[in-house]
Amino acid sequence: MDWNSITLKQYNQLKEVLLDPEYTDEDRILYEIQILFNVDPFKLSVSELKYYITQMNFLQKPIPNMKIKNSYKLGKNKYKLDKRLEKFTVAQFIDWRNLIQNGGTDTDNYANLLSVFFIPEDKKEYNEEYDIQEVKNDISEYLSIPDAMSISSFFLNYRKALLIRSLLYSLRLTLKTKIPRQKKREIRKEYRKAILKVLTGN
């Protein structure tokens, strides 16, 4: 077993166990086994328990970056993935922006965020008479956490790049107008703050 065999749903379950202050280290190990291997850890023999603990050694390693593909098979369904934000429809962009604002960019919200990008293979565009909840469920249940993180990181960084490009273009247009030199300095300073905010997310 390795990170590529762990789904987004399993990762979020593991994270919940890890962050719960009520659990001891021993509790966490047992629940991790239950989540990853779908077995009842309380019915395992000592030798079986050791085996599963050994199989979980990969959890100490970093989650790998994955190459983003143009299509993904999730469960019984196949989805297209367009990596070009500039090709987004207005509806996609608004939904994605609202999902980020309302749910953040943590892995708990990945299924919602990524559902904007995953289009059923037999559909031409976003939200074209298909069950968006089924898309979210497929992402959660079947997309590996390395793929989920790599795709999310790609689009979030792409979004930052587009925002920065837009800010720089706006700055150039503003500085071309006839305004006092001191005012231009102030404007540059405000734009630098805005760009820094985009880069840091603060």
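Just so we're clear, the structure is a prediction, and the values are computed from it rather than from any experiment.

Enquirer: Which parts of the structure should I look at to understand the sheet that holds strand β2 (residues 77-81)?
Expert: By definition, the strands of a sheet pair up through backbone hydrogen bonds, in either a parallel or an antiparallel sense. The antiparallel open sheet is built from three strands, whose spatial order is β1-β2-β3. Two strands lie at the open edges of the sheet, namely β1 (71-74) and β3 (118-120), each paired on one side alone. Put simply, the sheet's adjacent strands are angled 40 degrees from each other on average, direction ignored. Both β2 and β3 contribute to a ladder of three bridges, which runs antiparallel. Opposite Tyr79, over in β3, you have Pro120 as the bridge partner. Against the sheet, helix α6 (residues 132-142) engages β1, β2 and β3, with an angle of about 95 degrees to β2.

Enquirer: How should the pairing of β1 be read in this particular structure?
Expert: Two faces belong to every sheet, and in a regular strand the side chains alternate between them. Taking every second residue as pointing to the same face, the buried face of β1 carries Tyr72 and Leu74, while none of Ser71 and Lys73 on the other face is buried. Counting the residues that bridge the hairpin from β1 to β2 gives two residues, and of these Gly75 lies at a positive phi of roughly 65 degrees.

Enquirer: Explanation requested: the pairing of β2 in the structure shown.
Expert: By the alternation rule, side chains of β2 split into Asn77, Tyr79 and Leu81, which are all buried, and Lys78 and Lys80, of which none is buried. For β1 and β2, the ladder comprises four bridges, and the chain directions are antiparallel. When the sheet's bridge partners are listed, Ser71 is paired in β2 with Lys80.

Enquirer: I'm lost on the nonpolar core in this one. Help?
Expert: The nonpolar side chains of a soluble globular protein tend to be buried, and buried together. Core analysis: the largest hydrophobic core is formed by 40 residues, its most contacted members being Trp96, Phe117, Phe118 and Ile139. Among the elements that make up this core, the one with the highest residue count is helix α7 (residues 145-175) (five residues).

Enquirer: Where do I start with the side chain of Lys123 in this structure?
Expert: Structurally, Lys123 is set in the loop between β3 and α6. Lys123 has contacts with Lys80, Glu128, Glu129 and Tyr130, leaving out every residue within four places of it along the chain.

Enquirer: Can you help me understand the pattern of salt bridges in this one?
Expert: Any two side chains of opposite charge can pair if their charged atoms end up close together. In total, this model carries six salt bridges according to the counting rule given. Lys15 is paired through a salt bridge with Asp106; the nearest N and O atoms lie 2.5 Å apart. Of the two residues, Lys15 sits in helix α1 (residues 8-19) while Asp106 sits in the loop between α4 (90-103) and α5 (110-114), which places them 91 residues apart along the sequence. Note on Asp106: relative accessible area 41%, which makes it partly exposed. Linking Glu134 and Lys76 is a salt bridge whose minimum nitrogen-to-oxygen distance equals 3.3 Å. Linking Glu134 in helix α6 with Lys76 in the loop between β1 and β2, this pair joins segments that are 58 residues apart in sequence. We classify Glu134 as partly exposed; its relative accessible area is 31%. Residue Lys76 is classed as exposed on the basis of its relative accessible area, which comes to 67%. Each member of the salt-bridge network shares a partner with another, and the members are Lys15, Asp106 and Asp108.

Cut-offs and rules
Residues numbered from 1 in each chain as written. Predicted model: local features only at pLDDT ≥ 70, side-chain atom pairs only at ≥ 80, totals over all residues. Heavy atoms only, no water. Pairing = 2+ DSSP bridges. Helix = DSSP H or I, 4+ residues; strand = E, 2+ residues; numbered from the N terminus. Axes fitted to C-alpha atoms, helices over the stretch in contact; angles between N-to-C directions. Contact = heavy atoms within 4.5 Å. Buried < 20%, exposed > 50% of the residue type's maximum accessible area, 1.4 Å probe, protein only. Core = buried A, V, L, I, M, F, W, Y, C linked by side-chain atoms within 4.5 Å. Salt bridge = Lys/Arg side-chain N within 4 Å of Asp/Glu carboxyl O.

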